[in-house]
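A closer look at the structure
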Amino acid sequence: MNNIAEQLSLAYYNLNEKCNVLATDNKVVALIAVSKTKPVAAVLEAYRAGQRLFGENYPQELAEKAQQLSDCQDICWHFIGPLQSNKTRLVAEHSSWVHSIDRLKIAQRLAEQRPAHLGKLKVLLQINISNEPTKAGILPQQLPELAAAVAQLPQLELKGLMAIPAPGDSERAFAAMQQLSLQLQQHYPQATELSMGMSDDWPLALTYGATMIRLGTAIFGARDYKQE
Ligand SMILES: *Cc1c(COP(=O)(O)O)cnc(C)c1O
């Protein structure tokens, strides 16, 4: 295993440098360490190195890790994967953020199942910005309707948008997301977050206004799905 603490400090160094170059006006960019498929020990290693924001893709895995790491009370879990209705409760009970809302029904279930003592669940709407037939997310033209409906739900707080561009489409997609985000903020001033950029393309995402980047491989090394 490579050294997670070193990878983290390198990632923060690169992120700060890029923010300085872009003069992002001290706007804080959140680095979410995507720990999906990685063991609890890897999350703990990153936690001990100071990392607090973690991303998970599978509800069951999120719930198990959150329970095993319940002593680390200041961990902030971000659910970033596809979400089926029968798994919403796990996410409502264990995460602080959900990046992948693309159906009203899922948002409604999360709102109903969110335990009151945890406060509002912060949500981002996922946009299928490269218009890929088999991919998650709504099309840009569906945003006004979904945003209006989600913004009404109790126990949820609409915080912004998320996207995963198709390979080769990053720059156009990031630029389009920046425009959509600005449009959304005209109606929902608190929806300022823009979750885009992964290990391979985060510097480009930052130039188009990303406020949250999601790094898996760059922090934890390559994933081995065969071991799951
Ligand atoms: C796995 C995943 C990431 C991390 O990808 P890397 O290329 O390993 O950085 C980010 N976002 C989402 C939605 C993911 O599923």
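What counts as what
- Residues numbered from 1 in each chain as written.
- Predicted model: local features only at pLDDT ≥ 70, side-chain atom pairs only at ≥ 80, totals over all residues.
- Heavy atoms only, no water.
- Helix = DSSP H or I, 4+ residues; strand = E, 2+ residues; numbered from the N terminus.
- UniProt positions renumbered as here; feature names shortened; annotations may be inferred.
- Contact = heavy atoms within 4.5 Å.
- Salt bridge = Lys/Arg side-chain N within 4 Å of Asp/Glu carboxyl O.
- Near = heavy atom within 4 Å.
- Polar contact = N/O pair within 3.5 Å; in protein donor to acceptor, adjacent residues only side chain to side chain.
- Areas by Shrake-Rupley, 256 points an atom, 1.4 Å probe, with all protein chains shown as cover.
- Buried < 20%, exposed > 50% of the residue type's maximum accessible area, 1.4 Å probe, protein only.
- Pairing = 2+ DSSP bridges.

Turning to unusual backbone geometry, a few remarks are in order. Phi is positive for T37, which is not a glycine, with a value near 70°. Even without glycine at this site, Q155 takes up a positive phi of about 70°. Mapped onto the elements, Q155 comes out in the loop between α6 (143–151) and β6 (156–163).

Let us now look at the UniProt feature "domain: Alanine racemase N-terminal" (unreviewed entry) in the protein chain. When the UniProt feature table is mapped to this numbering, "domain: Alanine racemase N-terminal" (unreviewed entry) covers residues 27–223. The annotated region residues 27–223 carries 37% helix and 20% strand content, and the separation between its end C-alpha atoms amounts to 31 Å.

The UniProt feature table records "modified residue: N6-(pyridoxal phosphate)lysine" (unreviewed entry) at K36. Residue position: K36 is located in the loop between β1 (30–34) and α2 (40–48). Those residues in contact with K36 that sit more than four places away from it in its chain are G55, E56, N57, Y58, E61, K65, R223 and Y225.

Here we come to the pattern of salt bridges. Tallying each qualifying case throughout the model produces 7 salt bridges. Residue E56 is joined to K65 by a salt bridge in which the shortest nitrogen-to-oxygen separation is 2.8 Å.

So, about the environment of N128. Positionally, N128 belongs in the loop between β5 (121–127) and α6. In contact with N128, not counting residues within four places along its chain, are K135, A136, G137, I138, L139 and P140.

The immediate surroundings of the ligand are formed by V34, K36, N57, I80, I164, M198, S199, R214, L215, G216, T217 and R223. Interatomic distance of 2.5 Å between a side-chain N/O atom of S199 and an oxygen atom of the ligand. A distance of 2.5 Å separates an oxygen atom of the ligand from a polar atom in the side chain of T217. Relative to its free-state accessible area of 390 Å², the ligand is covered by the protein chains to the extent of 91%.

This part covers the side chain of Q51. In this structure, Q51 sits in the loop between α2 and β2 (53–56). Judged by its relative accessible area of 1%, Q51 is buried. Among the polar contacts listed, one links the side chain of Q51 to the side chain of Y12, at a separation of 2.7 Å. If we ignore the near neighbours within four places in the chain, the residues touching Q51 are L8, Y12, L31, I32, A33 and A46.

The next subject is the pairing of strand β8 (residues 212–215). Because side chains alternate across β8, one face comprises the buried residues M212 and R214, and the other comprises I213 and L215, equally buried. Relative to β8, β1 runs parallel, the two sharing 4 bridges. Residue pairing in the sheet places I32 in a bridge with R214 of β8.

What follows deals with the environment of Q7. With respect to the secondary-structure elements, Q7 resides in helix α1 (residues 4–22). In the structure, Q7 is positioned 103 residues away from L110 in sequence and 34 Å away in space, judged by C-alpha atoms.

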